[in-house]
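Chains, contacts and geometry: an overview
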Amino acid sequence: MKDADAIVVGGGISGLLSALTLTKEGKKVLLLERDGHLGGNACSYRVDGFQVDTGPHAITYINDGPLARLMKDYFDLVPTFLPYGTYYVRDKQRLSPFPWTIQEWMTFSILPKKDRLELAQLIASAIATSPVSKIGLDKTVRDFIGNRNFTEKTWRFIDALCYFMSGKPMDEAPAWRMLKGARYLEEGEDNKFRRRVKNVFKLRRLLSYDGAHHQAYPRGGLQAITDALLYSIPKDRVSLNTSESVSEFTFSGDDISGVVTEKDSYKADLVVYSGMVKELPKFCGSVLPSDYRKNLEKIQLTTSITLWLGLSKPHKNLNYLGSEIWFEEGKPYWGMPTSNYNPSFAPYGGQVIGFTSFVDGPQSKEKKALLNTVYTAIPEIDRLVELEHFQFANPEKAAVTAGVKFPGTKSPVNGLYLVGTDTDMRSMGLTRAAFSVETLLTILRRERKIGRKD
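Overview of the structure. Note that the coordinates shown come from a computational prediction; the quantities given were computed from them, not determined experimentally.

Rules of the game
Residues numbered from 1 in each chain as written. Predicted model: local features only at pLDDT ≥ 70, side-chain atom pairs only at ≥ 80, totals over all residues. Heavy atoms only, no water. Helix = DSSP H or I, 4+ residues; strand = E, 2+ residues; numbered from the N terminus. Rg over C-alpha atoms; globule rule 2.2 N^0.38 Å. Buried < 20%, exposed > 50% of the residue type's maximum accessible area, 1.4 Å probe, protein only. Contact = heavy atoms within 4.5 Å. Areas by Shrake-Rupley, 256 points an atom, 1.4 Å probe, with all protein chains shown as cover. Pairing = 2+ DSSP bridges. Axes fitted to C-alpha atoms, helices over the stretch in contact; angles between N-to-C directions. Phe/Tyr/Trp six-rings, centres within 6.5 Å; stacked < 30°, edge-to-face > 60°. Lys NZ or Arg CZ within 6 Å of the ring centre and 35° of its normal. Polar contact = N/O pair within 3.5 Å; in protein donor to acceptor, adjacent residues only side chain to side chain. Expected span 1.5 Å × (residues − 1). Patch = residues over 30% accessible without salt bridge, like charges linked within 9 Å, V, L, I, M, F, W, Y side chains within 5 Å. Salt bridge = Lys/Arg side-chain N within 4 Å of Asp/Glu carboxyl O. Lys, Arg positive; Asp, Glu negative; His and termini not counted. Charge placed at Lys NZ, Arg CZ, Asp CG, Glu CD.

**Re the overall build of the protein**
A count of helices and strands for the protein gives 13 helices and 19 strands. Taking 2.2 N^0.38 as the reference for a compact globule, 454 residues should give roughly 22 Å; the C-alpha atoms of the protein span a radius of gyration of 22 Å, in line with that estimate. Dimensions of the protein along its principal axes, counting C-alpha atoms only, are 65 × 55 × 45 Å. Across the 454 residues of the protein, 59% fall into the buried class. Across the protein, the fraction of contacts at a sequence separation of at least 24, relative to all contacts at a separation of at least 6, is 70%. Working note: accessible area of the protein is about 19300 Å², and carbon and sulfur atoms make up 49% of it.

Quick look at the structure:
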């Protein structure tokens, strides 16, 4: 497609959502993806009879969030989603539901009583003051908590939560990210007054709340979302070019005019970039302002390791819907038995579970450390293992760290827009990508580059 109204650079979930929505808004779209497949991390595949996703996932805001709205407005086929289940915390003695309410914190015996009461009080205080003032919430979690005399076990618990909700440890993760990630504070609300009113009512969540009630998992695995998206894209208005890498953008004065790949050049005055924003300067040269480039340099990438275990039969301690966190020793992990949602992910009578953690060393060392941790945390699981499969990935293209700003959707270059998990800080994963695409559509309507939907 040489004559496109819009070019989308990158075929991950945010790029595909951009292509789908723009075509449904009447644009002819060319999408360019450097890899040989579409969907990015939103994919599933088979390994020795077991189906695995690219890392465990929970789809947040499934009832009232951006992905749900985009599916309603633009998808011709919507995947089936199943209620997520429950978040658990595992230690050497037990598997306990995650404490969301004051009463649950009181009985959360995994942590010492004194520590958990202080944490509950800290959360309640932050929720109560946040509608009036954000003072303190921009601090790192470590600074926000201060010099409390917590046990080492409690500090490890807090650090693990920071990694899984922000991508960085408590010395870098901002306090507001932890509260919003748990939906103790509102996000995604444009009206500041309404957001403040809603945040006041969040105090009720410390009395009665299930933190996983707004989350879900696609019945067919992550690939079901990508497949539904691809099915919904009008084939007569889009060209999906895989294995074609963009080398540079072209400009006409202060406006973008197209892109160049190793195979060809393409013209369009609307370009949506869904690659890593840290890499944007190499496509734009000196067109980007220096202060904008310096801000992009501050953005940090997080790399994860996932271990998928295929079992000959279900493990007695992994018979739940939902996921678990382990933090006590070794590498903290987030584990999710995905075949409990759909038994077809494993051979008849089997089970498949994903365990993901962060990477801070050589891959060979990380593999051994995570494997040893899982076999220590869940006794006798090694006797059932038929498959050990490792993945290394970037679960999100940027970690949410204190003092770092994401660039947002509108770039300094006329006609160039940015989408993806490194442009919007709201929520996580696929939902964060969907937030960024919703923002893209809002801006394009405001600029009258697409028609307003009824």
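**Some words on the sheet that holds strand β17 (residues 351-358)**
Spatial ordering of the open sheet is given by β7-β6-β15-β16-β17-β14-β18, a layout of seven strands whose pairing is mixed. Each of the sheet's edge strands pairs with one partner strand only, and the pair in question is β7 (95-97) and β18 (385-393). In this sheet, neighbouring strand axes are inclined to one another by 25° on average, regardless of whether the strands run parallel or antiparallel. Pairing analysis gives three bridges linking strand β6 (residues 86-90) to β7, with the strands arranged antiparallel. When the sheet's bridge partners are listed, Arg90 is paired in β7 with Leu95. Where helix α6 (residues 152-166) meets the sheet, it contacts β6, β15 (322-326), β16 (333-336) and β17, and its direction lies at approximately 100° from that of β17.

**Regarding the packing of aromatic side chains**
Tallied over the full model, the rule gives 18 aromatic pairs. When the centroid spacing of 5.8 Å and the interplanar angle of 45° are considered together, the rings of Phe108 and Phe157 count as tilted. Note that Phe108 is positioned in the loop between α3 (102-107) and α4 (113-129) and Phe157 in helix α6, a separation of 49 residues in sequence. Pair check on accessibility: Phe108 and Phe157 agree, each one buried. Between Phe249 and Phe283 the ring centres are 5.3 Å apart and the planes differ by 20°, which places this aromatic pair in the stacked class. Linking Phe249 in strand β10 (residues 246-252) with Phe283 in helix α10 (residues 280-284), this pair joins segments that are 34 residues apart in sequence. Assigned by exposure class, Phe249 and Phe283 land together as buried. Grouped by ring-pair contacts, the aromatic residues Tyr84, Tyr87, Phe98, Trp100, Trp105, Phe108, Phe157, Tyr217, Phe327 and Tyr341 constitute a single cluster. Cation over ring: Arg142 sits above Trp155, and NZ or CZ is 4.7 Å from the ring centre. The lysine or arginine in question, Lys331, covers the ring of Phe358, its NZ or CZ lying 4.4 Å from the ring centre.

**Focus on the pairing of β16**
Here β16 shows no split at all, with Tyr333 and Gly335 on one side and Trp334 and Met336 on the other all buried. Looking at chain direction, β15 and β16 are connected through three bridges and run antiparallel. By the bridge assignment, Glu324 is partnered in β16 with Gly335. Here three bridges tie β16 to β17, and the two strands are oriented antiparallel to one another. Bridge pairing in β17 places Met336 opposite Gly354.

**A short note on the sheet that holds strand β12 (residues 265-267)**
Pairing within the open sheet is antiparallel, and its three strands lie in the order β10-β11-β12. Both edges of this open sheet fall to β10 and β12, since each of them pairs with a single strand only. Neighbour-to-neighbour, the strand axes of this sheet turn through a mean angle of 25°, independent of strand direction.

**Focus: the side chain of Thr54**
Tracing the chain through its elements places Thr54 in the loop between β4 (50-53) and α2 (66-74). Judged by relative accessible area, Thr54 falls into the buried class, the value being 15%. Non-local contacts of Thr54, meaning those with residues more than four positions away in its chain, are made with Asn41, Cys43, Tyr45, Leu222, Gln391 and Ala393.

**Things to note about the side chain of Thr423**
By the secondary structure assignment, Thr423 is in the loop between β19 (416-418) and α13 (429-446). A distance of 2.8 Å separates a polar atom in the side chain of Thr423 from the backbone oxygen of Gly420. Residues in contact with Thr423, not counting those within four places in the same chain, are Val277, Phe406, Pro407, Gly408, Leu418 and Ser436.

**Thoughts on α13**
Since there are 3.6 residues in each turn of an α-helix, residues three or four apart along the chain are aligned in direction. Relative to the 26 Å expected for 18 residues at 1.5 Å per residue, α13 spans 26 Å between its end C-alpha atoms, a close match to the ideal helical length. Judged by how many residues are buried, α13 sits mostly within the fold: 15 of 18 residues are covered. Just past α13, the residue Arg448 takes up positive phi, approximately 60°.

**Notes on a negative patch on the surface**
Among the surface-exposed residues, Asp5, Asp254, Asp255 and Asp269 lie close enough to one another that they form a single negatively charged patch. For Asp269, a relative accessible area of 57% corresponds to the exposed category.

**Description of the pattern of salt bridges**
The tally for this structure, following the rule as stated, stands at 20 salt bridges. For the salt bridge of Asp76 with Lys24, the shortest nitrogen-to-oxygen distance reads 3.2 Å. One end of the pair, Asp76, is in the loop between α2 and β5 (81-83); the other, Lys24, is in helix α1 (residues 13-24), with 52 residues separating them in the sequence. Judged by relative accessible area, which is 28%, Lys24 ranks as partly exposed. Here the salt bridges share partners, and the residues they tie into one network are Asp91, Arg94, Lys153 and Glu328.

Function cannot be inferred from these measures alone, as they are strictly geometric.
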